[in-house]
Each structure stands twice: as C-alpha cells, then as structure tokens.
2 protein chains.
Amino acid sequence: MLIVQKFGGTSVGDLERIQNVANRVAETKKAGNDVVVVVSAMSGETNKLVGYAEHFSDNPARAEMDMLLSSGERVTAALLSIALQEMGFDAEAMTGRKAGIVTDKHHTKARIEEINPKTMKSALDKGKIIVVAGFQGVNTNGDVTTLGRGGSDLSAVAIAGALKADLCEIYTDVTGIFTTDPRIEPKAKKLERISYDEMLELASLGAKVLQNRSVELAKKLNVNLVTRSSFSDEEGTLITKEENIMEKPLVSGIALDRNQARISLMGVKDRPGIASDIFNALADAEVNVDMIIQNKAVDDTTNIDFTVPVGDLHDAKMVVDTFVKNGEVKDDSYNEDICKVSVVGVGMKSHAGVAALAFSTMAKENININMISTSEIKVSMVIDEKYAELAVRSLHNAYELDK
Amino acid sequence: MLIVQKFGGTSVGDLERIQNVANRVAETKKAGNDVVVVVSAMSGETNKLVGYAEHFSDNPARAEMDMLLSSGERVTAALLSIALQEMGFDAEAMTGRKAGIVTDKHHTKARIEEINPKTMKSALDKGKIIVVAGFQGVNTNGDVTTLGRGGSDLSAVAIAGALKADLCEIYTDVTGIFTTDPRIEPKAKKLERISYDEMLELASLGAKVLQNRSVELAKKLNVNLVTRSSFSDEEGTLITKEENIMEKPLVSGIALDRNQARISLMGVKDRPGIASDIFNALADAEVNVDMIIQNKAVDDTTNIDFTVPVGDLHDAKMVVDTFVKNGEVKDDSYNEDICKVSVVGVGMKSHAGVAALAFSTMAKENININMISTSEIKVSMVIDEKYAELAVRSLHNAYELDK
C-alpha cells in the first residue's frame, strides 16, 4: 500500500515526539508500505513567528508572512528525515516546492491548484520515505505560499490524491470521530467508518479533528481519510465514500453547536422583496445565516427569525439596525442562549421516521424546539442552550448509538 | 549610490535590534541610495537548529541540514522587510533562490557559482529596498544549499559584485580593522583604508571581523568592502584595491597568531626527496604547514623545523611518527608555546629596511627569533609565546602606528 501520514503540531511538538513519529513511520515502512509523511511546524513555532511579525506591524505583508511561516514546517521535515536516516531508512525531506505543490497567488491562504508528483514518484520508486513540509506550496511566480489554518491536512490530502495513495492518515491527539462528544455522553462510541457527507455535517463535533476544507478535498479527490491518534495504537475512523460503507447505520452521530445566536425581527413590512433585501444585506456584510423561519403576523406584517454564528452577531446587528431605522422592521431581539442539535446519518435517505423520532424524543424530555431544518442526511433543531446536554444524551440513547 | 548592507547574527539578535537595523537601512535609503540588505539568522538560532539535528544523529545528511539551517535567515529577512514596510518603505524579502544565487552541489559548504541579478535589478528599478536571506543559495537541481561559516558575508559580497554596487558594508559588533589588537596595545588605531592583500595577511587580527573567503571574493569581484559596527555611527574601515589607497603607509598593522605549533625533526636521513616525502604525506593528511626551515646537521643528516596550526598538530604527529618508525627521522619534538608576529604593509614593496627594523626591535627587547618568513607585503617571525604582547607593542611603537 501507499500511505500518506500527516502529523500535526502537537504530534511533533518536541524532539522526543519527533522520534516517536519516526518510529511510527518506520513501522509502517517495515510492514511493506510506501510512505509519504507530511508534517506541521512544532507546536508553538507558528504562533511565535506570528508574534514576531506582529511586533513590527498590525498588518504585515502577506508575501513576507509566507516566507516567515513556511520556515517552521521545513525545520520539522528536515529533523524527521534526519531521524529516519539515522534509523537506517532512505529518507528525503522535501519542501512544498520540491514536492510539486503549486498554488494560486493568495498569500497566507492559497489554494492548491495542482500537484506535480514527478519528483515524489521518482523518490518512491527508489524506495525512499518522503518527508514533506506541509502547509506550503509555491505559486506560478515561484514564490512560497501558505495554505492557511489546517493547511498541512490539505497538503496531505492533495498529495494522497495526486499519488493515488491507498490511505491518508491524519494523526492528531484524539483517536477518531465519535457518535457524539464523549465529554457530554460518556457512552459515545468511536465510529469505524463514516461518509464524507456525514463528516461534513458532523464538523461541529469533529471541528478540532478535521476542517471541512480537507474533507471536501478528500471527497473531491476520492481519498480515503483516516483520523487517528499519534499517542496510541488504536485504530482510527475511516472517512470514505458512501459506497465503501457496507452496513449503513440509520444515524451515525449527534452533533452539538453551541456557537449559534438567534435574531428575531418583529413587524417586518410585508412588501415583495423585503426578505431578499435583508438577507442580501447580511450576505454583503459576510454574515453567515444558517436557519430562517418566516411567520405571518396577525396584522399586515411578518416576523422573521434566523440564526447566525455568535461571531457574526455584531455585524448582523449593524445590518438589521438599518432596517429598523428606516421603518421596514418594527423591532428586533437577539438570543445567544440557544444551541443547535443535529442528528446525522446517510441511512436517513432511505428510511422514513428518523426525524419523527427526534421530535418525539424532545417532546418526551419537555424540550421546546424553536426552529427545525432538515437535509437528506441531517435533522437540525434549535433549542434553549440549557437543554443542550440533555438533548444530546436523549437522542444518543433514542437512536441506540451506544449499541 | 547602490549600497549592499550585511547584518550578522548579533546585529539582528532580537526584535529590538532588527528594528535598529531597519532604522539604519531607512536612513541609508532616505539619503538617496539604493539599498540591498543581506541578513543572517538571529544569533543563537543556527546553533539551536544544529543542536536539534545532533539530537537525532552525529552525522546528519547535508541536504537535510541545508533545508534546516536555511530557515533562520528567511525568518530574519521576512521580519526586517515587514519592519521596513511598516515604516512606509517599499521593501521586499527574498530567499537566496529568488535573489538568483546559484551554487554548486556541495551541501552545507556550497560555493557560489553565479548570481542571476534579474529579479533584484527589476525590484531596484521599482525603488524597492531588497532584503535577502544570506548564507543560502540553490543548486542546479533546485535544492537549497548553504555556504558554510561566514556564508552571509559571502552572499553580500557576491551580490555587491553582481549588481556592481558602489559599497558593500559588513556590519558587526566591532568598529573596523585596527593597526593591532587593541586588547594588547590600547594605542592601536582604526585603519581608514586597507588593501585586500593586507587584509588577508592581517586575517589573524581580523578573523572575527571577516573571513578570508569573503575578502578573496571581494578582491576577485573588485567590491569595495567596509567593515563597521551596527551599534555606533562611527565610520568603519574600507577594504579596497591598492590603487584606491592614495597615501600608502609603510606598515599597516601588526598581526599576532597564537594558534601555532612548531614541530622539529632531528636527524633526518639526507637522501634526495626526503623533504618532499614528508611534506607530501602532511599535505595528504590535510595538515596546513606554514613556515619551514632546514639546517644541515654535523653528521650526514639534516634537521627540519616547521609550524602548523595547533588544531592540525595531532594529525601532523601521526604522519611524523611513521617516518620516525621507519628510521628516516631519528627524533622529533613539539612546541606549542610559540606564536607568530607579523608586520604587514603594502608600502614594504617599495621600501627597503622594513624587515631590518623588525629584527632590530626584537633584538632590542632581547626576544629570540626562531623562524622568519617574508612575502612582498609581510614579515613574519616565530617567537616564544611569552613574548607575544611585548613583541606586538614594541613593533607597533617602532613603526609609529599610533601616530
């Protein structure tokens, strides 16, 4: 097998841990696999360098930031390659440039445009272990670029896609994706397999494990992703296409997003295009609107409720205030004490009654559902935040996810 | 004027010092000059990275070391560029690669083969201040290389040569080149100008200021070098070609080299080719032989004395022992308690009596001269180490270097 293994900052956080990573890579190689390793900067290094830059400027030039920040991953890649060579392996450290990673020109948040795997392929043909500095590429001007937060995961997925690797293992400090947050429901179980789409819906569960950008790229390139821990030998969770999941569970997991706020607009003038005007204005302000409910009021106005991430609330208020001021909205109110609970599963597509069980579970616990939205593989409910843990545990139990 | 300014590790040792460097570069630019800055890694960084590598291996691969070590200069270059931009200047940080520095393939001690100044020239044409990461280049395979100790000085001199810069200023923590070591002779004076050849001969004086490799390259490329301090506004010392020095002093300085050992071979078999055999064997062992004296002994043998750097003494002994064992040398002895005092000056070429004054000065102080060697611009004497300071002060006084 050809396996791409990616180790994040905490996994290479000090010299002992880099040696541990070398040992794990060595085992994979000795088991008869070809291995490409992708590494992040040692934890703390990137923040240190950002701090240095901020000493000089609140808004440092992005090209300079890329030259600065790309150095951390180069250090780790060189050190890991040296460690592997000392253990008797033929290893070679490569910068993003040498690995053939070409990006667009958006410094500090570049997108990978293509990977030219010629150099990597020829090194693999010679039996080498390749150690690639993650998070970085080179644009068509020949300048170093970086890929933004989670960039090393993207490097690994893109490389796995370009080399048609059998597996892309993402090592972090958690052992995989769980049916729900084990801190809320200790009976949560680690999932063996999950589809890309479910993973994307569960993102709020696994936000710290994998960013959606990486999962989306894996889906696009058809890369089998595994998330697992670099601190244990436990098997992780395979994220793959739906066809690869033989026994499709009705529901895979319960996700909780506390990071939501609800905005209520009362007495909205009932003229054609008013909703369009409001939500276009919000979009222009880059406010991320999630759920929307519109109710006809008793008079000739309507009420509109919608949710936004807490971080966007300030900008949303600014937009809404302009409509209150010009009289098209009579009044507005805000509620940050809400959360969104979601039931996610590909099995829903072919089974009726999944949503109904969610609603009846809430009813049984006397939890009021404020808003509902559904997709093919997800039922989301907005509820008061004080019921968050109760709702997650009840749903986890109702769908028998601990079995 | 086009000025290349090079700042070493202590000059960019922390963020405050990088800001000081930015201020100095800004002044040079504001005075109407074009400026290319070459920077080293922040002091301590390179040693830290070497320590990391040595944690994993006593003999880390050189290509990996270059990827590792080249990161430090990139960090400094990016930070200095950010600082200059914040001050309102149009600055651009460049890696060795972007600056067009092409080297041979000897990782960790590469030689600059050529500089393609196209990118730098076009940036200068736009009025930009260029900040180049020193110490590094790229070989014809496209891999990063480093230039070895003193590599950032070499980068600066080579860039100054390629751009036909008017000046190449090397900033360190000393104010220039002195007539002798001021710790030995407090009356030592800073030289305003000195020729390349004198500088090369005085290297033992100025070893910490400039490596011979850089002076030799400056001579070859006809680069006007200035060494000065980044911590004061004092003018430094200009190192230039002899023709540029109008008033040629008879003697420019007194150099002292304590790092010498004397090897005496007694009863050397007087056969043709014996000296050649011995010194070829020493050359094969990479022992750096300096002065040689051969005396006919009373019997049919000769005595040969020579000096080597103390660091080569062990290897030299190994070689000499083989000749003692095979009977071609009767006996050998070693003396590390010697030093070499040199009187250096281009004016010597056209003036007789310079050497005679050196010898009579030694005689006046009752200092025995063990060995003598001379060149066009230098008289060197090996004496007992205990007289080192006395000899330096007497010669400094005799040639009126404090005037």
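All values reported here derive from a predicted model rather than from experimental measurement.

Conventions and cut-offs
- Residues numbered from 1 in each chain as written.
- Chains lettered and ligands numbered in written order.
- Predicted model: local features only at pLDDT ≥ 70, side-chain atom pairs only at ≥ 80, totals over all residues.
- Heavy atoms only, no water.
- UniProt positions renumbered as here; feature names shortened; annotations may be inferred.
- Helix = DSSP H or I, 4+ residues; strand = E, 2+ residues; numbered from the N terminus.
- Contact = heavy atoms within 4.5 Å.
- Polar contact = N/O pair within 3.5 Å; in protein donor to acceptor, adjacent residues only side chain to side chain.
- Phe/Tyr/Trp six-rings, centres within 6.5 Å; stacked < 30°, edge-to-face > 60°.
- Lys NZ or Arg CZ within 6 Å of the ring centre and 35° of its normal.
- Buried < 20%, exposed > 50% of the residue type's maximum accessible area, 1.4 Å probe, protein only.
- Arc of directions from axis to C-beta.
- Least-squares fit on C-alpha atoms with pLDDT ≥ 70 in both.
- Pairing = 2+ DSSP bridges.
- Axes fitted to C-alpha atoms, helices over the stretch in contact; angles between N-to-C directions.
- Parallel < 35°, antiparallel > 145°, perpendicular 65-115°, else oblique.
- Left-handed = near helix turned anticlockwise from the far one by under 90°.
- Buried area = accessible area lost by both parts, 1.4 Å probe.
- Salt bridge = Lys/Arg side-chain N within 4 Å of Asp/Glu carboxyl O.
- Nonpolar A, V, L, I, M, F, W, Y, C, P; charged D, E, K, R; others polar.

Glancing now at the UniProt feature "binding site: substrate" (unreviewed entry) in chain A. Residue and element names in this part refer to chain A. UniProt records the feature "binding site: substrate" (unreviewed entry) for Thr46 and Glu73 in the present numbering. Across 28 residues of sequence, these annotated residues stay compact in space, with a maximum C-alpha separation of 9.0 Å. With respect to the secondary-structure elements, Thr46 resides in helix 2 (residues 45-56). Once residues within four sequence positions are removed from consideration, Glu73 is found in contact with Val39, Ser40, Ala41, Thr46, Ala133, Gly134, Phe135, Gln136 and Ser152. Of note is the side chain of Glu73, whose polar atom sits 3.2 Å from the backbone nitrogen of Ala41.

The full count for this structure, using the stated rule, is four aromatic pairs over all chains. With 5.2 Å between their ring centres and 75° between their planes, Phe279(B) and Phe306(B) make a pair best called edge-to-face. You can see Phe279(B) sitting in helix 9 (residues 274-284) and its partner Phe306(B) sitting in strand 15 (residues 301-309), a full 27 residues away along the chain. Sitting over the ring of Tyr334(A), Lys317(A) keeps its end group 4.8 Å from the ring centre.

Attention shifts here to helix 11 (residues 354-364) of chain A. Residue and element names in this part refer to chain A. Of all the positions in helix 11, only Val354, Ala358, Thr361 and Met362 are classed as buried. Seen along its axis, helix 11 keeps its buried residues to an arc of 95°; they face one direction. Away from the buried face of helix 11 by more than 90 degrees, exposed residues Ala363 and Lys364 are located. Of the surrounding secondary structure, the elements contacted by the buried residues of helix 11 are strand 16 (329-344), strand 18 (378-384) and helix 12 (388-398). Once helix 11 ends, the next one or two residues include Asn366, with phi positive near 60°.

It is worth spelling out the relation of the copies chain A and chain B at this point. Mapping between the two chain copies consists of a rotation about an axis together with a translation along that axis. It takes a turn of 180° to lay chain A on chain B, together with a shift of 0.1 Å along the axis; the resulting RMSD is 0.1 Å. Such a combination of turn and shift is consistent with a two-fold rotation axis. Identified as the residue of chain A closest to the rotation axis by C-alpha distance is Ser71(A), at 2.5 Å. The residues that chain A uses at the interface reappear at the interface of chain B in 100% of cases, marking a shared surface.

Within the secondary structure, Thr95(A) is located in the loop between strand 3 (91-94) and strand 4 (101-103). Given the relative accessible area of 11%, Thr95(A) is considered buried. Each C-alpha atom, one on Thr95(A) and one on Asp331(A), is 56 Å from the other, the two residues being 236 residues apart in sequence. Dropping the residues within four chain positions of it, Thr95(A) is found in contact with Arg74(A), Val132(A), Ala133(A), Gln136(A) and Met67(B). At a separation of 3.1 Å, a polar atom in the side chain of Thr95(A) contacts the main-chain amide nitrogen of Lys98(A).

Residues and elements named next belong to chain A. In terms of residue burial, strand 6 (residues 129-133) counts as a mostly covered element, since five of its five residues are buried. Residue alternation in strand 6 divides its side chains into two sets, Ile129, Val131 and Ala133 and Ile130 and Val132, and both sets are buried. Here four bridges tie strand 2 (residues 34-39) to strand 6, and the two strands are oriented parallel to one another. What sits directly across from Val39, in strand 6, is Ala133.

The next subject is the UniProt feature "binding site: ATP" (unreviewed entry) in chain A. All names here are of chain A. Taking the UniProt record as the reference, the feature "binding site: ATP" (unreviewed entry) is found at Lys6, Phe7, Gly8, Gly9, Thr172, Asp173, Arg183, Lys208 and Val209. Judged by its relative accessible area of 0%, Phe7 falls in the buried class. What Phe7 contacts, discounting residues up to four positions off in sequence, is Val12, Val21, Arg24, Val25, Val37, Val38, Val39, Ser40, Tyr171 and Ser230. Tracing the sequence through the fold places Asp173 in the loop between strand 9 (167-172) and strand 10 (193-195). Not counting residues up to four positions away in its chain, the partners in contact with Asp173 are Thr10, Ser229 and Phe231.

Residues and elements named next belong to chain B. Ordered in space as 14-15-13-16-18-17, the six strands form an open sheet in which the pairing is antiparallel. If you trace the sheet from one side to the other, it starts and ends with strand 14 (292-296) and strand 17 (371-375), each paired once. Adjacent strand axes in the sheet meet at a mean angle of 25°, parallel and antiparallel pairs treated alike. In this sheet, strand 15 lies alongside strand 13 (residues 253-269) in antiparallel orientation, the contact comprising eight bridges. Residue pairing for strand 15: Leu265 is matched across the bridge by Ile304.

Before going further, it helps to examine the packing of helix 3 (residues 62-86) of chain A against helix 2 (residues 45-56) of chain B. In the contact formed by helix 3 of chain A and helix 2 of chain B, the axes pass within 8 Å of each other and the chain directions differ by 25°. Comparing their axes, helix 2 of chain B and helix 3 of chain A come out roughly parallel. In this structure, helix 3 of chain A meets helix 2 of chain B at a crossing whose hand is right-handed. Along its contact with helix 3 of chain A, which presents Val75(A), Leu79(A), Ile82(A), Ala83(A) and Glu86(A), the element helix 2 of chain B presents Leu49(B), Tyr52(B), Ala53(B) and Phe56(B).

Before going further, it helps to examine the interface of chain A and chain B. Opposite the 42 residues of chain A that make contact, chain B presents 42 residues. Of the roughly 3300 Å² buried between chain A and chain B on both sides combined, carbon and sulfur atoms contribute 67%. Taken as a group, Phe56(A), Glu64(A) and Met67(A) account for 25% of the area that chain A buries against chain B, more than any other trio of residues on that side. Linking chain A with chain B are two salt bridges, by the criterion used here. Note that Asp143(B) is salt-bridged to Lys98(A), the shortest N-O span being 2.8 Å. Seen at the junction of chain A and chain B, the total is 10 residue pairs in polar contact (both at pLDDT 80 or more). When contributions to the side of chain A that touches chain B are tallied by element, the ones reaching two or more residues are helix 1 (15-30), helix 2, helix 3 and strand 3 of chain A. Grouping the constituent residues of the side of chain A that touches chain B by class yields 23 nonpolar, eight polar and 11 charged.

We now examine unusual backbone geometry. All names here are of chain A. Its identity is not glycine, yet Lys164 carries a phi of approximately 50°, on the positive side. The residue Lys164 is located in the loop between helix 5 (151-162) and strand 9 in this model. Judged by its relative accessible area of 68%, Lys164 is exposed. Not every positive phi belongs to a glycine, and Asn222 is a case in point at roughly 60°.

Strands belonging to one sheet form pairs held by backbone hydrogen bonds; the direction of such a pair is parallel or antiparallel. Residues and elements named next belong to chain A. One open sheet holds the eight strands; their spatial order is 3-6-2-1-9-11-12-10, and the pairing between them is mixed. Looking at which strands have only one partner, the edges of the open sheet turn out to be strand 3 and strand 10. Ignoring strand direction, the axes of neighbouring strands in this sheet form an average angle of 20°. Both strand 3 and strand 6 contribute to a ladder of four bridges, which runs parallel.

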